[in-house]
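# Structural overview for review
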Amino acid sequence: RVLDGRGKTVQPSESKLQLPAGATRSVEQSVEVRSPKLWSPDSPVLYSAEVEITAAGKTLDKTSTHFGIRKIEVDAEHGFRLNGKMLKLKGGCFEPANGPLGSAAIDRAEERRVELMKANGFNAIRTSHNPPSPAFLDACDRLGMLVVDEAFDCWNEGKNPDDYHLYFKDWAQRDLASMVERDRNHPSVVIWSIGNEIPEQFRAEATQKMLREAVLAHDTTRPITQAMCSDWSKGWNWDQFSDIGFKHLDIGGYNYHPKKYESDHARNPKRVMMATESFPKDFFDYWTLVEKHPYVIGDFVWTAMDYFGESGIGHTSLSNEQDSFLKPWPWFDSWCGDIDVCGFKKPQSYYRDVVWRRSQIEMAVHTPLPDGVHENVSGWGWPDETRSWNWPGQEGKPLQVDVYSRCDAVRLELNGKVIGEKPVSAATKLTAKFEVPYQPGELRAVGLSNGKSVTSIAFHTTGKPSAIRLTADRSTIHASRNDLSYVTVDVVDKDGNRVPNATIPIHFVVTGAGELAATGSSAPDDVASFQAPLRKTYEGCCLVILRSKGGAGKITLKAEADGLKPATVVVKTR
C-alpha cells in the first residue's frame, strides 16, 4: 500500500505466492501514484509504502518506509534542477557531532541541527565524511533539506595509522552497499559522495571506477561526486592531474579551488562543479561564481556548525604572536562554523544572510586591537568581531565597525550623530568599514538606496547584569529518551536585554521527570565538564539540554548565580 501524508491509501497492490518450506523467492510489485505531490525543500511532501505479508487471514510480517517523489537533473548547461527548476545549493558541511552531547545521535538533537540550518538559509548539507544517522536523514526528509551523502575519508592510503584504510580493501564495497541501500529511499539524499580529500585521489582511477560501479549497482537515480583538494605531492600540477581525478564523477567536488572553475570549464565544458568545501571569509567570491555560472551548482562552507576537534582551525591571531595551524590547549573547538556548538548564530552567518539576500543590512564590531598590532585570520576563520556595543574601558578609543549590505551605501550613526557614509558594492564585497570612537549609547547603521533610508540595524549599550532568563525551545516534549529540550540561558539587565559581555558562572538544578543531559557555552577554549550542573556564560549566554527520563510529568530547571535574580522554567513530558 502507498499512503499519502495523511495516512490515506493512494494505491494498493496485492500478489499471491505459494512458497515451499525453506524456500526463498523475490516478489516485485508496482504501484502507480497518479498526479503525485512532489517533494522539495519548500514543500517536503512525504508518502509511505507499507508491505504486509499475510497467510490464512493473519499478518505474519509488516514493514513501512517513507519516501518522496521528485526529479533530479544536472548538467553544465542548466545546472542542478529539482522538479525541472534550477536550484543553487546553499550548503554547509557537517561533522557527525551534536555539540555538548558529543556524537550521540539522539533523534531530537539530529532534528535540531537540521532546523538550525533551515532557519539560517541553508538548503543543503554535506555529511562529511561519514554516513549520517537515520534520524538525521528522516529530519532532512520532513523539513526539506538536500543532502550530499558521503561515505569515505580515505581509501587504500590512510591519513592516520589506525583509520579506515586498514579495512578499505575488504569492506569498502560492503559498506557502500549498506549505506546506499539504507539511504536510497530518502528524497533528501540527492548526491552520493564516494570520498573526501583522498590521499591517492589523482592516482586511483581504478578505485574510483570501482566505487562508482558499486553505487550504481544499488541506485542509478542520483549523481556521484567526490571532494577533491590539492595534492600533497611535490611538483604536482592541478591542470595536469585533475582531469584524472574527476574522470568517473557526475559532479566535480572542489575543496578550496574556486579560481579553477572557469579555466577547468574551458578545458572541460561538460563538467558540473560545486565547492564541496569553502573558506567562510571568502564566501562572497565563492557565491558570486555560483550565481554567475550554471555549471557551478553550489557551495558547501567548512563548516555549517562548530565541532569538537581540529581545535581552533577557525582562529584569529595577533601579528605579535607565534601562530600555528591549530590552537593549543585549552582550545578544543574548531571555531570555524557559521553556527556555534550551542546552536547560536555567529557573525559570519549574518554576513551570509546579506550575500544570500536574506537580510538587507547587518553589522559587527571588532574587538579592540593593541596599538601597532594587526590581526591574522586563518583560512577557515573570521575576524574577531561581535554584535555588541558594550566596551567598558574603551571610551574615546577607536573601534572598527563593519556594516554588510546590498544597498547602494550605508550611513553609520552614534547617538544620533553621523559618523560617516560609505558606498557598498561587489567591489567592497558588500562591506563598509568605519572607525568609531567608543562611547556608550546607540550605534546605528542605515542602508541607503538612491540616497533614501530603506533599512537599519542598531546595537545598544546595556545595563549591568541583573537577572537570569531561561528560554526553552519547546515547552512540551515526548516522554521519551529520544527527546530533548534546549534551554537558552541569558544574563540580562533590568530591562531584559542580554548583556553581551557578561561572563558569569551559573549553577543549575533539575528536578522531576527529566535530567540534565548537558550544559555548554560557545567559548572555544573554556574547558569544563559538559555534564556538570555549572556553566560560565560566554557573550552573556550559555545552554542547558534537558532529557526526559521516559515518563510523563514535568521537568523543572532552576538557574542561580551570585548577585542575579534566579530563574525557573518548566518543561512538560507526555
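Described below are features of the structure shown in this document. (Residues numbered from 1 in each chain as written. Predicted model: local features only at pLDDT ≥ 70, side-chain atom pairs only at ≥ 80, totals over all residues. Heavy atoms only, no water.)

### Focus: the pattern of salt bridges
- Following the criterion strictly, the structure yields 43 salt bridges and no others.
- The partner of Glu-150 in a salt bridge is Arg-126, with the nearest N and O atoms 2.9 Å apart. Placement of Glu-150 in strand β10 (residues 146-150) and of Arg-126 in strand β9 (residues 124-126) is noted, with a sequence separation of 24 residues between them.
- Classification of Glu-150 as buried rests on a relative accessible area of 0%.
- Residue Arg-126 is classed as buried on the basis of its relative accessible area of 0%.
- Salt bridges sharing partners connect three or more residues here, namely Asp-239, Asp-243, Lys-260, Asp-264, Arg-267 and Arg-271. (Salt bridge = Lys/Arg side-chain N within 4 Å of Asp/Glu carboxyl O. Helix = DSSP H or I, 4+ residues; strand = E, 2+ residues; numbered from the N terminus. Buried < 20%, exposed > 50% of the residue type's maximum accessible area, 1.4 Å probe, protein only.)

### Quick look at the sheet that holds strand β7 (residues 85-86)
- In spatial order, the strands read β5-β6-β7; together these 3 strands make up an open sheet with antiparallel pairing. Strand pairing shows two members of the sheet lacking a second neighbour, β5 (72-75) and β7, which therefore form its edges.
- As judged from the 4 bridges shared by β5 and strand β6 (residues 79-82), these two strands associate in the antiparallel manner. Directly across from Val-74, in β6, lies its bridge partner Phe-80. (Pairing = 2+ DSSP bridges.)

### Let's talk about the sheet that holds strand β2 (residues 9-11)
- Strands sit in the order β2-β1-β3-β4 across an open sheet of 4 strands; the sheet is antiparallel. Two strands lie at the open edges of the sheet, namely β2 and β4 (58-67), each paired on one side alone.
- By the bridge criterion, 9 bridges tie strand β3 (residues 47-55) to β4 in an arrangement that is antiparallel. By the bridge assignment, Ala-55 is partnered in β4 with Lys-58.

### Focus on unusual backbone geometry
- With an omega dihedral of -10 degrees, the bond running from Ser-128 to His-129 counts as a cis peptide bond.
- Tracing the sequence through the fold places His-129 in the loop between β9 and α2 (134-143).
- Following Trp-302, the chain continues to Thr-303 via a peptide bond in cis, the omega torsion being 0 degrees.
- Note on placement: Thr-303 falls in the loop between β15 (296-301) and β16 (316-318).
- Although it is not a glycine, Glu-310 adopts a positive phi angle of roughly 40 degrees.
- Looking at where Glu-310 falls in the secondary structure, it is placed in the loop between β15 and β16.
- The phi dihedral of Glu-539 falls on the positive side, at around 50 degrees, and the residue is not glycine.
- Its location among the elements puts Glu-539 in the loop between β31 (534-536) and β32 (541-548).
- Residue classification places Glu-539 among the partly exposed residues on the basis of a relative accessible area of 33%.

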